[in-house]
Amino acid sequence: MHKRSILITGGAGFIGSHVVRQLVNKYPQYLIYNLDKLTYAGNLENVKDLENKPNYTFLKGDIVNEDAIKSFFDTHQFDAVIHLAAESHVDRSITNPLEFIYTNVIGTANLLQVAKTYWADREGVLFYHVSTDEVYGSLGTTGLFKETTAYDPRSPYSASKASSDHFVRAFFHTYNFPVVISNCSNNYGPYQFPEKLIPLMINNIFHSKPLPIYGDGLNIRDWLWVGDHVDAIDVVFHKGKVGETYNIGGNNEMTNIKLVHMLCDLMDKKLNRPLGKSRELITFVKDRKGHDRRYAIDATKIKNELNWEPKVFPQEGMAATIDWYLNNAAWLENVTSGAYQEYYKNHYQG
Ligand code: NAD
Ligand code: DAU
C-alpha cells in the first residue's frame, strides 16, 4: 500500500523540528522527509531522537535549488508539503534583506512550481505554507489581526513572508493548486535559536550578561507555546479547507519588559539568586529599525472551524522553557559558540 509521503521543509529549525517530531511519532503510517539547508539556524541535534525511526528521512538541500527539489520529488513522490524553511530573524533581515528574498520568496516560489508540475494529475495532494502574523503590519493599542486584515509588512523579513504568502494564494487562484496557509504569532519553547528574545534572555540571565531591551520595552507580542503551534499545524494540515487561511495566536499579549521581568524572576528562583538580582541586568539599548509596536491575533476562525485553541499558560510554558535551556547547556553552548559570537558582537556591541 502507498504510504502518504510528506515533505517538511525547515525541519532542523526551531518550529520545524517540533512539527517533524510530532508527525513522525504520531503518524507511523506516514513517511516524513525533513528537507533543510542547515543554515546557522538549522541543527540536526534538534531532531537527533528521530534519526533511527523507520518513517523518518533527513534530506540536506536548499529550497532555492530547482534541480535538487525536482530530484527529491522524483525519488520520494511527495503527496504533501508542509513548508517552514525560511530565514526567520527580523534583525538579520534588516542587515541582509537579500538572503530573505532568496529563501523566503524565490525558495517558496520554486517549491510551488516544482510541486505544481509533479502534482498536475494528482488528487489528494496539499501544499501547506506556514507563515507569520508579521505580514499584517503593526497594531496600535487596540484591535486584533484577522484573516481579512490587509497585508502591511514593514520589515524585510515580513515583506518576504508576505510575498511568499501572495505567491501561494496566486497558485491557488491561477492554477487551482491546493494550498492552505496559517499565520502565527510569536512562538517560544525548546530548540529556539538564542538570537530570538526569550532564549537570548535566558542565556544572558544564566551568564549574568546584560539583557538588551530595544527602545522603551513597551512593544507587545502575542506569545504561543511551540507545542500549541504544532497542534494547530497538525489540525490545519489534516482538517483545514483548501484555499483558506487560519490565524494562530496565544491570546497572550505581553510587553517585552513584562516578559523579561517574568523570565528574570523565574530564573532567580531556579538559580537560587535573591529575587530582583537578574532584573539588575536589564539594559535599554537602541531600538530596532522600524520596530513594529504591537502584534495580537484573533484566532476565532481556527477555534470555531477546527476546534483548536492554545492549552499552555504562559507561566507554565516559560518555566518549562527555562528548564529545557538549563538542562540542555551543551546544546546552548554549541549554538552560541563560533559564528554566534561574531553576530552577537556586531549586533549588540558594534
Ligand atoms: P528557524 O530559523 O528556527 O528555522 C528555519 C529553518 O529553515 C532552519 O533549519 C534553516 O536551516 C532552514 N532553512 C533556511 N533557509 C533554507 C533554505 N534555503 N533551504 C532549506 N532550508 C532552509 O525558524 P522558525 O522560527 O522555526 O520558523 C519556521 C517557520 O515558521 C518560518 O517560515 C517562519 O516564518 C514561521 N513562523 C515563525 C514564528 C516564530 O515565532 N518563530 C512565528 C510564526 C511563523
Ligand atoms: O510574530 C511572529 C514572528 O515572531 C516570527 O514570524 C519571527 O520569525 C520571529 O522571529 C518573531 O519575530 P519578532 O521580531 O517579534 O521576535 P524577536 O524574538 O526577534 O523579538 C521579540 C520582541 O523583543 C521584539 O519586540 C523585539 C524585542 N527584542 C528582541 C531581541 C532579540 C529586544 O528587545 N531585544 C532583543 O535582543
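Residues numbered from 1 in each chain as written. Chains lettered and ligands numbered in written order. Predicted model: local features only at pLDDT ≥ 70, side-chain atom pairs only at ≥ 80, totals over all residues. Heavy atoms only, no water.

Take the sheet that holds strand 11 (residues 245–248) next. Ordered in space as 3-2-1-4-5-6-11, the 7 strands form an open sheet in which the pairing is parallel. Every interior strand has two partners, whereas the edge strands, strand 3 (56–60) and strand 11, have only one. Here the strands of the sheet are splayed against their neighbours by 20° on average, with no regard to which way each runs. Against the sheet, helix 1 (residues 14–26) engages strand 1 (4–9), strand 2 (30–36), strand 3 and strand 4 (80–83), with an angle of about 165° to strand 2. (Pairing = 2+ DSSP bridges. Helix = DSSP H or I, 4+ residues; strand = E, 2+ residues; numbered from the N terminus. Axes fitted to C-alpha atoms, helices over the stretch in contact; angles between N-to-C directions. Contact = heavy atoms within 4.5 Å.)

To continue, consider the packing of aromatic side chains. For any pair of aromatic rings, geometry is given as the distance between the ring centres together with the angle between the planes. The tally for this structure, following the rule as stated, stands at 24 aromatic pairs. Pairing Phe171 with Tyr175 gives two aromatic rings, centres 4.9 Å apart and planes at 65°, and the pair type is edge-to-face. One end of the pair, Phe171, and the other, Tyr175, are both in helix 5 (residues 156–175), 4 residues apart, so they sit about a helical turn from each other. Among the aromatic residues, those joined into a ring-pair cluster are Tyr33, Phe73, Phe78, Tyr118, Trp119, Phe127, Phe171, Tyr175 and Phe177. Arg92 extends its terminal NZ or CZ atom over the ring of Tyr40, reaching a point 3.7 Å from the ring centre. Arg92 extends its terminal NZ or CZ atom over the ring of Tyr343, reaching a point 4.0 Å from the ring centre. (Phe/Tyr/Trp six-rings, centres within 6.5 Å; stacked < 30°, edge-to-face > 60°. Lys NZ or Arg CZ within 6 Å of the ring centre and 35° of its normal.)

Before going further, it helps to spend a moment on the site of ligand 1. Contacts to ligand 1 come from 28 residues, most closely from Ile15, Asp36, Ser88, Tyr157 and Lys161. One nitrogen or oxygen atom from the side chain of Tyr157 is found 2.7 Å from an oxygen atom belonging to ligand 1. Taking Lys161, its side chain carries an N or O atom lying 2.7 Å from an oxygen atom of ligand 1. Put simply, the parts of the chain that give the shell around ligand 1 at least two residues each are helix 1, strand 5 (126–132) and helix 5. A per-element tally of the shell around ligand 1 places strand 5 first, with 3 residues. Residue composition of the shell around ligand 1, by class: 12 nonpolar, 12 polar and 4 charged. (Near = heavy atom within 4 Å. Polar contact = N/O pair within 3.5 Å; in protein donor to acceptor, adjacent residues only side chain to side chain. Nonpolar A, V, L, I, M, F, W, Y, C, P; charged D, E, K, R; others polar.)

Time to look at the side chain of His291. You can see His291 is positioned in the loop between strand 13 (282–285) and helix 9 (300–306). According to the relative accessible area criterion, His291 is buried, its value standing at 13%. When neighbours within four sequence positions are excluded, His291 is seen to be in contact with Tyr214, Asn219, Arg221 and Asn256. (Buried < 20%, exposed > 50% of the residue type's maximum accessible area, 1.4 Å probe, protein only.)

All right, on to the site of ligand 2 then. In the vicinity of ligand 2, 24 residues are found, and the nearest of them are Asp133, Tyr157, Arg288, His291 and Tyr348. A distance of 2.6 Å separates an oxygen atom of ligand 2 from a polar side-chain atom of Tyr157. Measuring from an oxygen atom of ligand 2, one finds a side-chain N or O atom of Arg288 at 2.6 Å. Notes on ligand 2: free accessible area 690 Å², of which the protein chains cover 95%. Every element with two or more residues in the shell around ligand 2 is listed here: helix 6 (197–206) and strand 8 (211–214). Residue contributions to the shell around ligand 2 peak at 3 residues, all from strand 8. Here the shell around ligand 2 is composed, by residue class, of 10 nonpolar, 8 polar and 6 charged. Both domains that furnish three or more residues to the shell around ligand 2 are identified here as domain 1 (4–188 + 223–248) and domain 2 (197–220 + 253–291 + 315–336). (Areas by Shrake-Rupley, 256 points an atom, 1.4 Å probe, with all protein chains shown as cover. Domains from an automatic or database assignment.)

What follows deals with the nonpolar core. Residues Ile8, Ile82, Leu263, Ile302 and Met318 are the most contacted members of the largest nonpolar core, which totals 77 residues. Sorting elements by how many residues they give to this core places helix 8 (residues 256–270) first, with 8 residues. Lining this core are residues from two domains, each supplying at least three of them: domain 1 (4–188 + 223–248) and domain 2 (197–220 + 253–291 + 315–336). Ignoring anything within four residues of it in the chain, the contact list for Ile8 reads Val19, Val20, Leu23, Ile32, Tyr33, Asn34, Leu35, Ile82 and Leu84. Formed by 24 residues, the second largest nonpolar core is a distinct cluster that contains Tyr33, Leu35, Phe127 and Val179. (Core = buried A, V, L, I, M, F, W, Y, C linked by side-chain atoms within 4.5 Å.)

Helix length check: helix 7 (residues 226–239) (14 residues) gives 20 Å between terminal C-alpha atoms against 20 Å at 1.5 Å per residue, within 8%. Of all 14 residues making up helix 7, 10 are buried, and the element is well covered by its neighbours. Listing the buried residues of helix 7 in full gives Val226, Asp228, His229, Val230, Ala232, Ile233, Asp234, Val235, Val236 and Phe237. (Expected span 1.5 Å × (residues − 1).)

We now examine the domain arrangement of the chain. For the chain, the assigned domains read domain 1 (4–188 + 223–248) and domain 2 (197–220 + 253–291 + 315–336). Between the C-alpha centres of domain 1 and domain 2 the distance comes to 28 Å. Opposite the 11 residues of domain 1 that make contact, domain 2 presents 15 residues. Carbon and sulfur atoms supply 58% of the area buried between domain 1 and domain 2, which totals about 1,100 Å² over both sides. For the interface between domain 1 and domain 2, the tally reads 1 salt bridge. (Buried area = accessible area lost by both parts, 1.4 Å probe. Salt bridge = Lys/Arg side-chain N within 4 Å of Asp/Glu carboxyl O.)

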